[in-house]
Amino acid sequence: MSDHERPAHGGHLVMGVAWAVLLLGLWLWGRELTGVGVRQGISAPVSGDVAAVGRPPRVDLPPAARPLGDALPQRLDIPGLKIQAPVVARGLDAHGAIAAPPYDQAAHVGWYAAGVKPGAAGAALLVGHADTRTRPAVFHQLSTLGPGARIRVLRDDGKLAEFTVEDVQAVPRARFDAHQAYGPRHSGRSELRLITCGGTFDRTTRSCTANVIVSAYLTGTGL
C-alpha cells in the first residue's frame with residue numbers, strides 16, 4: 001500500500017485490525033451458514049453522532065414488499081446522504097476476510113458476492129470505508145441515518161430495489177452477536193445491512209470499539 005492510501009490517525013483503517021469484532025462475527029456467521037470461514041477485513045473510523053445511534057425517533061414504517069429475484073447490484077443510492085456509489089462484488093482475501101474496495105476506490109461500496117443479492121430474500125451485506133488518509137469515504141456519515149430513511153439499489157435487471165431503514169445500531173465489540181447483526185430478522189423478507197466502523201478508536205488495540213450497522217428492508221421497487 002502506498003503512503004497516500006494508508007489509513008489516517010495512526011492506522012485507523014489498517015486492514016483486518018480495527019474490525020476485529022466484525023471479522024470474528026462474520027467468520028462465525030459464515031461458517032455456520034455456508035461451511036466457509038468468513039471474517040470482515042475492512043476497517044474505518046466513522047464520523048457523526050455515534051452516541052445517538054440506536055435512539056430511533058417515532059416513525060411509522062411501511063409494510064415490507066415481496067422479494068425480487070436474483071440480480072446483481074450496480075449502484076447504491078442514499079438520497080438523505082447524497083450518496084450515489086458504484087457497487088463492486090467482493091470475495092474473500094487470503095486471510096478469509098471480505099475483501100473491501102481498495103482505498104483508491106473509497107467512494108465504492110463492497111457487496112459480499114457469496115451472500116444474498118440485494119432485493120432477494122435474505123440479508124444482503126454491503127460494506128464501505130468511512131474515510132481515508134486524505135478524505136472522507138463513502139460511509140463517512142452512515143451513523144447519521146435514522147429509521148424511515150430511504151436506500152435504493154440499482155440492479156442489473158433494470159429494477160430499483162427500494163429499502164427503508166428500520167434501525168441504526170452501534171454494536172459494541174463486547175456484546176457482539178453475529179446472528180443478530182447479520183442474519184435476517186424476518187423469514188422471507190428482503191433485507192439490507194450497511195456496515196462501517198464506529199464507536200471510539202482504541203489506540204492500545206488499534207481498533208474501533210463498535211460497528212455501525214444500518215438495517216433496512218425492501219419496501220418497494222421501481223424501473
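Refer to the structure above for everything that follows.
Rules and cut-offs
Throughout, residues of each chain are indexed from 1 in the direction in which the sequence is written. Per-residue local features are limited, in this predicted model, to residues with pLDDT of at least 70; the limit for side-chain atom pairs, both in listing and counting, is 80 or more; totals at the level of whole chains, interfaces and linings are taken over all residues. Water and hydrogen atoms play no part in the side-chain values, which are based on all heavy atoms of the structure. Joining through side-chain atoms within 4.5 Å is the link that ties buried Ala, Val, Leu, Ile, Met, Phe, Trp, Tyr and Cys residues into a set, and such a set is a nonpolar core. Remark: exposure states derive from per-residue accessible area (1.4 Å probe, protein chains only) relative to the maximum for the residue type, with buried under 20%, exposed over 50%, and partly exposed in between. Numbering goes from the N terminus for both helices and strands, where a helix is a DSSP run of H or I of at least four residues and a strand is a run of E of at least two. Pairs of residues are marked as contacts when any of their non-hydrogen atoms sit within 4.5 Å. When a carboxyl oxygen of Asp or Glu is within 4 Å of a side-chain nitrogen of Lys or Arg, the pair counts as a salt bridge. Counting of polar contacts relies on pairs of N or O atoms within 3.5 Å, with two restrictions inside protein: one atom must be capable of donating a hydrogen and the other of accepting it, and residues adjacent in sequence are counted only when both atoms are side-chain atoms. Being paired, for any two strands, means DSSP has found at least two bridges between them.

Peer 1: Kindly report on the nonpolar core, identifying the contributing residues and their values.
Peer 2: Counting residues in each nonpolar core, the largest one holds 28 residues, and the members touching the most others are L76, I78, I151, L192 and L194. Elements with a minimum of two residues in this core: strand 2 (73-78), strand 3 (83-90), strand 5 (109-112), strand 6 (122-127), strand 7 (150-155), strand 8 (160-172), strand 9 (190-202) and strand 10 (207-222). Excluding residues that lie within four positions of it along the chain, L76 makes contacts with I83, Q84, A85, V87, V109, L126, F139, I151, R152, V153 and L194. One finds Y112, L125, V127 and Y182 within the second-largest nonpolar core, a separate group that totals 9 residues.

Peer 1: Can you explain the side chain of D77? Please cite residues and give values.
Peer 2: Following the sequence through the fold, D77 ends up in strand 2. The buried category is assigned to D77, whose relative accessible area is 8%. Beyond its immediate sequence surroundings of up to four residues, D77 is in contact with I83, Q84, R150, I151 and R152.

Peer 1: Please provide a residue-by-residue account of the pattern of salt bridges, values included.
Peer 2: A side chain of one charge can pair with a side chain of the opposite charge if their charged atoms are brought near each other. Considering all chains together, one arrives at 7 salt bridges under this definition. For R75, the salt bridge identified is with D77, shortest N-O distance 2.8 Å. By relative accessible area, R75 is classed as partly exposed at 28%. When the shortest N-O distance is used, the salt bridge between R185 and D167 registers 2.5 Å.

Peer 1: Describe in detail the side chain of T196, supporting the description with residues and values.
Peer 2: By the element assignment, T196 lies in strand 9. A polar contact of 3.1 Å, which involves the side chain of T196, links it to the backbone oxygen of G128.

Peer 1: Can you lay out the environment of G220 for me, pointing to particular residues and giving the numbers?
Peer 2: Mapped onto the fold, G220 is located in strand 10. On a C-alpha basis, the gap between G220 and E162 in space is 5.0 Å, while along the polypeptide they are 58 residues apart.

Peer 1: An account of the pairing of strand 5 is needed here, citing residue identities and associated values.
Peer 2: Of the two faces of strand 5, both are covered, the one formed by V109 and W111 as well as the one formed by G110 and Y112. Across 4 bridges, the pairing between strand 3 and strand 5 is parallel. If you follow R90 over to strand 5, its bridge partner there is Y112. Pairing of strand 5 with strand 6, which is carried by 2 bridges, proceeds in the antiparallel orientation. The residue of strand 6 that forms the bridge with W111 is L126.

Peer 1: Give a detailed account of the pairing of strand 3, specifying residues and quantitative values.
Peer 2: Judged from the 4 bridges that link them, strand 2 and strand 3 form a sheet pairing that is antiparallel. Note that in strand 3 the partner of R75 across the bridge is P86. Following strand 2, the chain reverses through 4 residues before pairing antiparallel with strand 3; K82 in that reversal takes a positive phi of roughly 55 degrees.

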